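# Chains, contacts and geometry: an overview
Letter by letter, the chains look like this.
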Amino acid sequence: RQRRMVMVSSSSDFTRTCASEPHAARREAILKAHPEVRALMGADARGAAIGAVLVVAQLLLATWASTLPLAVYLITLYVGGATLAQALFLAVHEATHDLFFRGRTRNRLFAMLLNIPLVVPFCEPFRAYHLEHHRHQGVVGLDADLPSELEARYARGVPGKLVWLALQLVAYALRPVLTRPRVPSRVEGVHALAQGVAMILLWRADAQALCFLVWSALIAGGLHPTSGHFLAEHHAPRGATQETYSYYGPLNWLAFNVGYHNEHHDFPRVPGTRLPMVRAAAPEFYAHLRTCESWPGALIDFVIAPDRSLCDRVVR
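The sections below set out a description of the structure shown in this document.

The rules behind these values
Residues numbered from 1 in each chain as written. Predicted model: local features only at pLDDT ≥ 70, side-chain atom pairs only at ≥ 80, totals over all residues. Heavy atoms only, no water. Helix = DSSP H or I, 4+ residues; strand = E, 2+ residues; numbered from the N terminus. Rg over C-alpha atoms; globule rule 2.2 N^0.38 Å. Buried < 20%, exposed > 50% of the residue type's maximum accessible area, 1.4 Å probe, protein only. Contact = heavy atoms within 4.5 Å. Areas by Shrake-Rupley, 256 points an atom, 1.4 Å probe, with all protein chains shown as cover. Phe/Tyr/Trp six-rings, centres within 6.5 Å; stacked < 30°, edge-to-face > 60°. Lys NZ or Arg CZ within 6 Å of the ring centre and 35° of its normal. Axes fitted to C-alpha atoms, helices over the stretch in contact; angles between N-to-C directions. Parallel < 35°, antiparallel > 145°, perpendicular 65-115°, else oblique. Left-handed = near helix turned anticlockwise from the far one by under 90°. Nonpolar A, V, L, I, M, F, W, Y, C, P; charged D, E, K, R; others polar. Patch = residues over 30% accessible without salt bridge, like charges linked within 9 Å, V, L, I, M, F, W, Y side chains within 5 Å. Salt bridge = Lys/Arg side-chain N within 4 Å of Asp/Glu carboxyl O. Expected span 1.5 Å × (residues − 1). Lys, Arg positive; Asp, Glu negative; His and termini not counted. Polar contact = N/O pair within 3.5 Å; in protein donor to acceptor, adjacent residues only side chain to side chain. Core = buried A, V, L, I, M, F, W, Y, C linked by side-chain atoms within 4.5 Å.

Attention now goes to the overall build of the protein. Counting secondary structure elements, the protein contains 14 helices and two strands. Relative to its length of 316 residues, the protein is compact, with a C-alpha radius of gyration of 20 Å against a globular reference of 20 Å. When its C-alpha atoms are laid out on the principal axes, the protein stretches across 60 × 45 × 40 Å. Expressed as a percentage of its 316 residues, the buried residues of the protein come to 52%. For the protein, the share of sequence-separated contacts (at least 6 apart) that also reach a separation of at least 24 residues comes to 73%. Total accessible area computed for the protein in this model is approximately 15,300 Å², and 67% of it derives from carbon and sulfur atoms.

Written out as structure tokens, the structure is:
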């Protein structure tokens, strides 16, 4: 049974609830009303083909960019490198949900391939923490997607928010390590070793290409239009009780439709290529939900609005 919503009066605190997370109940209701949605679940190898192209494109771009004049290099880094890096992050997200191939092993191995241009071997720990985020959405102490107390304390005011956004990827990577440390698995150790060897070889072959990859990843997770999805997915306006927000704009074309985030949490076994079909099949379940109109707008609003903070989340 769902219990009454309990709101926190402090403007510096999260919005708290005792209700169950909404996605399981909506999934059940949608499947009852539209059983055809079940057919959308399962792997889609077309996404894997896109992911492989992204890997090759990013490595080629990194090699070519080092020959460019500085001004052109910086534009290429921001427009090309960071955009491709964000797409690769979200390709890893697809593989985390086993949406490219049948079977977990092939998806995990493919995630390691996608991870190569992203420099840091993150795909295995991301799998563990992200699946917990789906199982325990908003649960304090279990959902590593919730910002830490340290982040919330210092990401205040325009300067603090800008610094946090610029280093958002670093915060996102370190948060679970600090708040929910876990013993690395043997697979993680092997992957870290393999990724390290690949990066050493790349450094010896073309150090400037490796630097391009590093900056691409940092910018993709920071002050870049596509990074708005990190905020837009679960950051709620002050006092709002809706926990997840979808974005239906054109940047989804660069992000495996991760903007369809209510649909993704309702049906994590539906690949990004088919998430628009979920909404089309069951529009009455999504039409009333608030949405994010713009990922870049979400970043700007977060920085300049004095009442927006990292605590704009619903927790249980």
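That was the structure; now back to the text.
Overall, the coordinates contain ten aromatic pairs when judged by the stated rule. With 5.4 Å between their ring centres and 85 degrees between their planes, phenylalanine 101 and phenylalanine 110 make a pair best called edge-to-face. Classification of phenylalanine 101 by relative accessible area gives partly exposed; the value is 23%. Taken together, the ring pairs connect Phe100, Phe101, Phe110 and Phe256 into an aromatic cluster. Over the aromatic face of phenylalanine 302 sits the side chain of lysine 161, whose NZ or CZ is 5.4 Å from the ring centroid. Note that arginine 182 overlies the ring of tyrosine 129, its terminal NZ or CZ placed 5.7 Å from the centroid.

Turning our eyes to something else, we now look at the packing of helix H4 (residues 104-115) against helix H9 (residues 186-205). Following both chains from N to C, one finds H4 and H9 inclined at 30 degrees, their axes separated by 11 Å at the closest point. Considering the angle they form, H4 stands roughly parallel to H9. For the crossing formed where H4 meets H9, the hand is right-handed. Contact residues: H4 offers Arg108, Met112 and Asn115, while H9 offers Val187, His191 and Gln195. Considered class by class, the residues forming the contact of H4 with H9 number two nonpolar, three polar and one charged.

A cluster of nonpolar side chains, namely Val163, Leu167, Val170, Leu174, Val177, Leu178, Val214, Trp215 and Leu218, defines an oily patch on the protein surface of about 800 Å² accessible area. It is helix H8 (residues 168-179) that provides the largest number of residues to the nonpolar patch, a total of four residues. Here leucine 174 is to be found in helix H8.

A few words on H4. A rise of 1.5 Å per residue sets the reference length of H4, with its twelve residues, at 16 Å; its end C-alpha atoms lie 16 Å apart and thus fit the reference within 8%. Where H4 is concerned, the buried positions are Asn107, Phe110, Ala111, Met112, Leu114 and Asn115.

Throughout the structure, instances matching the rule amount to 13 salt bridges. Each of Asp98, Arg104 and Arg127 takes part in salt bridges that share partners, so that together they form one network.

So, on to the side chain of glutamate 94. Considering the arrangement of structural elements, one finds glutamate 94 in helix H3 (residues 70-96). One buried charge, glutamate 94, has no salt-bridge partner; the nearest side chain with opposite charge is arginine 269, at 8.9 Å.

Bringing the packing of helix H7 (residues 157-166) against helix H14 (residues 295-304) into the picture now. Running from amino to carboxyl end, H7 crosses H14 at an angle of 140 degrees, the nearest separation of the two axes being 8 Å. Where H7 approaches H14, its residues Val158, Lys161, Leu162, Trp164 and Leu165 are matched on the opposing element by Leu299, Phe302, Val303 and Ile304.

A few words now on the side chain of histidine 97. Relative to the helices and strands, histidine 97 is located in the loop between H3 and H4. Looking at histidine 97, the relative accessible area reads 7%, which means it is buried. Side-chain polar atoms of histidine 97 contact the side chain of histidine 130, separated by 3.1 Å. Leave out the neighbours within four places in its chain, and histidine 97 touches His130, Leu131, His134, His264, Pro268 and Arg269.

One finds Phe89, Val92, Phe100, Leu114, Leu118, Phe212 and Trp295 to be the most contacted residues of the largest nonpolar core, which totals 48 residues. Elements supplying a minimum of two residues to this core: helix H2 (45-65), H3, H4, helix H5 (123-135), H9, helix H10 (207-220) and H14. Ranked by residue count, the leading element in this core is H3, at twelve residues. Apart from residues no more than four positions distant in its own chain, tryptophan 295 is found in contact with Pro225, Thr226, Gly228, His229, Ala232, Tyr247, Leu251, Asn252, Ala255, Val258 and Gly259. Ranked by size, the runner-up nonpolar core spans 13 residues in total, among them Ile30, Leu40, Phe267 and Leu275.

These values are about where atoms sit, not about what they do.
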